[in-house]
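Overview (structure and organization)
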Amino acid sequence: MTAAVIEPADGAGTRERILDLAQRYGVYAALAVLIAVATALNSDFMSVSNWRVQLFQAAPIVLVALGMALVIGTEGVDLSVGATIALSASVIPLYIGYGPVPAIALALLLGAAAGLVGGAMVAFAGVQPIVATLSLMIGLRGVAELMNGAAAKPVADATILDLGEHNLAGVPLMAWIALAATGAVAYTVRRTTFGRQLVAIGDNKRASLLAGLPVRRVLVTVYVLSGVLAALAGVLIVGHGAEADPANQGLNMELNAITAVVVGGTPLSGGRVRVLGTVAGAMFMQLASAVLIQHNAPTSTTQIVEAVLICLAVYVSRERGTR
Amino acid sequence: MSVRTPETAAPLPAPPPRRAGRDGLLETPRERWIRRAERRGPLVVLVAVCAAATAASPSDASWSDVSTILGNNAFVWLLALGMTFVITTGGIDLSVGSLYALGGVLAARASSSGPWLAILLPLVVCAAWGAVQGLLVAYGGMAPFIVTLAGLLGARGLLQALTNQGSTTYLVPAHSWFRHLGAGTWVPVGIVAVLFALGWILMERTGYGATLTAIGGNQDSAVLLGLPVARAKVLVYLLSGTLAGAAGALAGARLGSGVTTIGVGYELTAIAAVVIGGTLLTGGYGTIGGTVCGVLLLAVIHHLIDRYLSQYGSAMTDAVNGAFLAVVVLAQALLERSRRR
């Protein structure tokens, strides 16, 4: 570091600096170490087919986690994303008769509507984000199951199957979509007024309000974006599995997405959105569980390792200087 | 953006003290009605739903209805009891569903060595689990949401490890008196009622309950007042974990075996019951009586849907519960806002 970097005078010891670096770049380092270790253990890990499988698994999580990162950036949380996936999955077989484009458009529209309801409860009624989205999480999955029926329905439409299975230039189409979404979200956060307003609201909602920012509009938009991204992930999941199964698709997705965001270094207290970190966090969690499964570790070990990883990530990224 | 005063446009972080009007000062009749609606609302809705169900049903409310509503899911209500304390401090405990399942498996496993062990082992393990979470929250400065989310995953993992990935089922011996704890209607309901009464005393009549409320209202003030904030927080997660373990052990006694797949999503039902009961999710106000109304309301709704709309299955229950929770939190937010105006 050059001398031009101004360190805060109070308590900026070596330990603080290491923790800060760990929070910022820890997830990339951890990802690199994980890939190195996995390759050392099993040289097949770097094979194209393995990476393709991992990308198929990770792409929907990345999409959902991007929306979640935006919501967490405003000091909220969106528990309804898993149920939104189920909702978008349930309309695909119902409306596929009109063609794939209207069906997908309707799924995305429903995702936006779900986000709109949650966002309106948060922004206009002042309900806590966690309960507002909890009520949607419970309710929407029920609605999705009512629309689809209890059993899974097969989907045979070529366009939707292509979305989930097709490779473009050797890389899954899903991964390209996730990449495009990552670029769009990163651009939004860094380069647009909306992105700056979002971060400002997450940092200090009251100050943003007094500064004349459109707090309610930004909050609603953030939840709508999260809903649309979750619905898109739902379409991709339907395409990949060739069936719509609202009882099971998207289960625990909210937990996976929150984990990816937190591991990626975005603080839960809002005011900062780390887009690339979120993608790296999602990839890290996916690869970590894949490595454990490939080496025949039981599910119990996978779950405990996940829990420890979450704790470590939060310990590194917790607010410092409060004690 | 319309020009409005900041007070109406943004929810204030800390709610005003609920009993400000008790000394008769500064409370208009309108404010008194709002306060009453907030405090008694859950009870009124519960009575109204029960009355409507009785009036609409072709037969009178039968004993078997009451027995079904009370006996089958009484243990799950203990999760909501523990959750009430945690939410009063402004925290949240997502691990209770997993600890519930873990408690059941531990009880079934230990019951072959004697009923006392079957009661003690789940309590001790779940209390320790809760205490670790509390230590991380209170002394580690980590967000309760994430710590207990990790606890949810970790406890499920431990459960899977104990049962060889769910392939081993531990049975409670047929002649163990441990089974009697979960049998019938009155024994479970009695146990749960006693624990709720103890919880009410702890919340309303002890300094510990007052400390919890103070922490939820304004943690910095509580620290400056010299209250044992960190210790109280550790204890509240320990209490929640212990209650979840006890609920799981009793469920194990009722089912006669350690079922590994139960408890998924129960933490959310518990949170919903607590919020419906009127406890503020922001902390600073918790009511055990409200939680009782909350769990009973959810149970009655569940029973009614099972009875009249059973062709739609559990999906209908989910949809109605979600909508009901949304209506309740919206009503609470509106009442809160109109009181401030």
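This write-up is about the structure you can find in this document. (Residues numbered from 1 in each chain as written. Chains lettered and ligands numbered in written order. Predicted model: local features only at pLDDT ≥ 70, side-chain atom pairs only at ≥ 80, totals over all residues.)

Re the interface of chain A and chain B
Each partner contributes to the interface: chain A provides 44 residues, whereas chain B provides 44 residues. Mapped onto the side of chain A that touches chain B, the elements with two or more residues apiece are helix 5 (129–148), helix 9 (205–210), helix 11 (253–263) and helix 13 (299–317) of chain A. Examining the composition of the side of chain A that touches chain B, we find that 14 residues originate from one element, helix 5 of chain A, more than from any other. (Contact = placed C-beta atoms within 7 Å. Helix = DSSP H or I, 4+ residues; strand = E, 2+ residues; numbered from the N terminus.)

What about the packing of helix 2 (residues 48–73) of chain A against helix 7 (residues 173–191) of chain A?
All names here are of chain A. Contact geometry for helix 2 and helix 7: axes closest at 8 Å, N-to-C directions at 20°. What the angle tells us is that helix 2 and helix 7 run roughly parallel. Regarding helix 2 and helix 7, the two cross each other, and that crossing is left-handed. Along the contact surface, helix 2 presents Leu55, Phe56, Ala59, Val62, Leu63, Leu66 and Leu70, while helix 7 presents Met174, Ala175, Ile177, Ala178, Ala181, Thr182 and Val185. (Axes fitted to C-alpha atoms, helices over the stretch in contact; angles between N-to-C directions. Parallel < 35°, antiparallel > 145°, perpendicular 65-115°, else oblique. Left-handed = near helix turned anticlockwise from the far one by under 90°.)

Overview of the packing of helix 2 (residues 29–56) of chain B against helix 13 (residues 288–308) of chain B
All names here are of chain B. Two numbers describe how helix 2 lies on helix 13: the axes approach to 9 Å, and their chain directions differ by 25°. With respect to each other, helix 2 and helix 13 are oriented roughly parallel. In this structure, helix 2 crosses over helix 13, and the sense of that crossing is left-handed. Facing helix 2, whose interface residues are Pro42, Leu43, Val45, Leu46, Val49, Cys50 and Ala53, helix 13 presents Gly290, Cys293, Gly294, Leu296, Leu297, Val300 and Leu304. Classifying every residue of the contact of helix 2 with helix 13 by side-chain character gives 12 nonpolar, 2 polar and no charged. (Nonpolar A, V, L, I, M, F, W, Y, C, P; charged D, E, K, R; others polar.)

Thoughts on the nonpolar core
Of all hydrophobic cores here, the largest spans 199 residues; its most connected members are Val64, Ala65, Ile92 and Ile310 of chain A together with Leu79 and Ala247 of chain B. Broken down by element, this core gets its largest block of residues, 18 residues, from helix 10 (residues 215–241) of chain A. When near neighbours in sequence (up to four residues on either side) are disregarded, Ala65 of chain A contacts Ala257, Ala260, Val261, Thr278 and Ala282 of chain A. (Core = buried A, V, L, I, M, F, W, Y, C linked by C-beta atoms within 7 Å. Buried ≥ 20, exposed ≤ 12 C-beta atoms within 10 Å, placed from the backbone.)

By themselves, these figures tell us nothing about what the structure is for.
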